[in-house]
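In case you want the letters, here they are:
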Amino acid sequence: MEPELLSMVPRPVCAVLLLFPITEKYETFRTEEEERIKAKGQDVKSSVYFMKQTINNACGTIGLIHAIANNRDKMNFETNSSLKKFLEDSLSMTPEERAKYLETYEAIRVTHESSAHEGQTEAPSIDEKVDLHFIALVNVGGHLYELDGRKPFPINHGETSDDSFLEDAIEVCKKFMERDPEELRFNAIALSAA
């Protein structure tokens, strides 16, 4: 995550997906953060697309949906894209309604299941306890948002820009790593221009 390495990432970056371990330290932080935000409040733009995660072991799919949904203006969808239809249909829904809609949206479920079984390692079953989790970091309206379907709302990490988004998102990733310095199981994936 050094500047010279980040300079090799194609720009513009529209989202960063972070995979991290769910540890006791993280769960304590998550609870404290939620309480702090509920007490003090935060500014979240109404244009942020956020959904809850109600399907076990679907955090990667939820992270990708968050990344793509908050960058629809930069995407070129195929004419009959199931994902485009899902996003259009769910745009006016609440985060909870989007989660319920995803539970019944057959095209994404089938794609999720087939992708999970294509990898080189065996995918966990839907009910298996997993201690790794994906979140999305996105730039919406000049603010960096953390989108985690396990949380009750998006987390606003402050101002950003198209030019500084990757570096700003990496600073958020570093905070996750600093909370669990003994952990090595972190991975960041940038979604950028080809």
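This one's a predicted model, so the numbers in the text were calculated from it and none came from an experiment. (Residues numbered from 1 in each chain as written. Predicted model: local features only at pLDDT ≥ 70, side-chain atom pairs only at ≥ 80, totals over all residues. Heavy atoms only, no water.)

Things to note about the pairing of strand β1 (residues 13-21)
So, point 1. Across the nine residues of β1, nine count as buried, placing the element largely inside the fold.
So, point 2. Sheet topology places β1 next to strand β5 (residues 187-192); six bridges connect them, and they run antiparallel. Each bridged residue has a counterpart across the sheet, and for Leu-18 the counterpart in β5 is Ala-188. (Buried < 20%, exposed > 50% of the residue type's maximum accessible area, 1.4 Å probe, protein only. Helix = DSSP H or I, 4+ residues; strand = E, 2+ residues; numbered from the N terminus. Pairing = 2+ DSSP bridges.)

Regarding the environment of Ile-155
So, point 1. Mapped onto the elements, Ile-155 comes out in strand β4 (residues 155-159).
So, point 2. Taking C-alpha positions, Ile-155 is 5.4 Å from Tyr-145, a pair spaced ten residues apart along the chain.
So, point 3. Residues within four places of Ile-155 in sequence aside, it is in contact with Glu-33, Ile-37, Gln-42, Leu-144, Tyr-145 and Glu-146. (Contact = heavy atoms within 4.5 Å.)

Remarks on the packing of aromatic side chains
So, point 1. What the rule picks out here adds up to six aromatic pairs.
So, point 2. Aromatic side chains Phe-20 and Phe-176 sit 4.8 Å apart centroid to centroid with 55° between the ring planes, which places their arrangement in the tilted category. A residue pair is termed long-range when its members are at least 10 positions apart, and Phe-20 in strand β1 and Phe-176 in helix α7 (residues 165-179) qualify at 156 residues. No difference in accessibility class separates Phe-20 from Phe-176, as the two residues are buried.
So, point 3. Ring centres 5.2 Å apart and planes at 70° place the aromatic pair Phe-86 and Tyr-105 in the edge-to-face group. In this pair, Phe-86 sits in helix α4 (residues 82-90) while Tyr-105 sits in the loop between α5 (95-104) and α6 (106-116), placing the two residues 19 residues apart along the sequence.
So, point 4. Take Phe-86: its relative accessible area is 0%, and that puts it in the buried class.
So, point 5. Following the ring pairs from residue to residue traces out a cluster consisting of Phe-20, Tyr-26 and Phe-176.
So, point 6. One cation-aromatic arrangement involves Arg-179 over Phe-29; the distance from NZ or CZ to the ring centre is 3.7 Å.
So, point 7. Directly above the ring of Phe-176 sits Arg-179, whose terminal nitrogen or CZ lies 4.6 Å from the centroid. (Phe/Tyr/Trp six-rings, centres within 6.5 Å; stacked < 30°, edge-to-face > 60°. Lys NZ or Arg CZ within 6 Å of the ring centre and 35° of its normal.)

Some remarks on the UniProt feature "site: Transition state stabilizer" (unreviewed entry) in the protein chain
So, point 1. UniProt feature "site: Transition state stabilizer" (unreviewed entry): in the numbering of this structure it lies at Gln-53.
So, point 2. Topologically, Gln-53 is positioned in the loop between α2 (24-40) and α3 (59-69).
So, point 3. Each residue touching Gln-53, except ones within four places of it in the same chain, is listed here: Ala-58, Cys-59, Ile-62, His-133, Gly-149 and Arg-150. (UniProt positions renumbered as here; feature names shortened; annotations may be inferred.)

Comments concerning the UniProt feature "site: Important for enzyme activity" (unreviewed entry) in the protein chain
So, point 1. UniProt marks Asp-148 with the feature "site: Important for enzyme activity" (unreviewed entry), using the numbering shown here.
So, point 2. Relative to the assigned elements, Asp-148 resides in the loop between β3 (143-147) and β4.
So, point 3. Judged by its relative accessible area of 0%, Asp-148 is buried.
So, point 4. The residues touching Asp-148, leaving out its near neighbours within four places in the chain, are Tyr-26, Phe-50, His-66, His-133 and Ile-135.
So, point 5. Side chain to side chain, Asp-148 and Tyr-26 meet in a polar contact 3.4 Å long. (Polar contact = N/O pair within 3.5 Å; in protein donor to acceptor, adjacent residues only side chain to side chain.)

A closer look at the packing of α4 against α5
So, point 1. In contact at an axis separation of 10 Å, α4 and α5 are set at 145° when each is read in the N-to-C sense. As for how α4 packs across α5, the hand of that crossing is right-handed. Residues Phe-86, Asp-89 and Ser-90 of α4 lie in contact with α5, whose contacting residues are Arg-98, Tyr-101 and Leu-102.
So, point 2. Split into classes, the residues belonging to the contact of α4 with α5 amount to three nonpolar, one polar and two charged. (Axes fitted to C-alpha atoms, helices over the stretch in contact; angles between N-to-C directions. Left-handed = near helix turned anticlockwise from the far one by under 90°. Nonpolar A, V, L, I, M, F, W, Y, C, P; charged D, E, K, R; others polar.)

Some points on the pairing of β3
So, point 1. Of all five residues that make up β3, five are buried, and the element is covered over most of its length.
So, point 2. Going residue by residue along β3, you find His-143, Tyr-145 and Leu-147 tucked away on one face and Leu-144 and Glu-146 tucked away on the opposite face as well.
So, point 3. Hairpin connection from strand β2 (residues 132-140) to β3: two residues lie between these consecutive antiparallel strands, with Gly-141 at a positive phi of about 60°.

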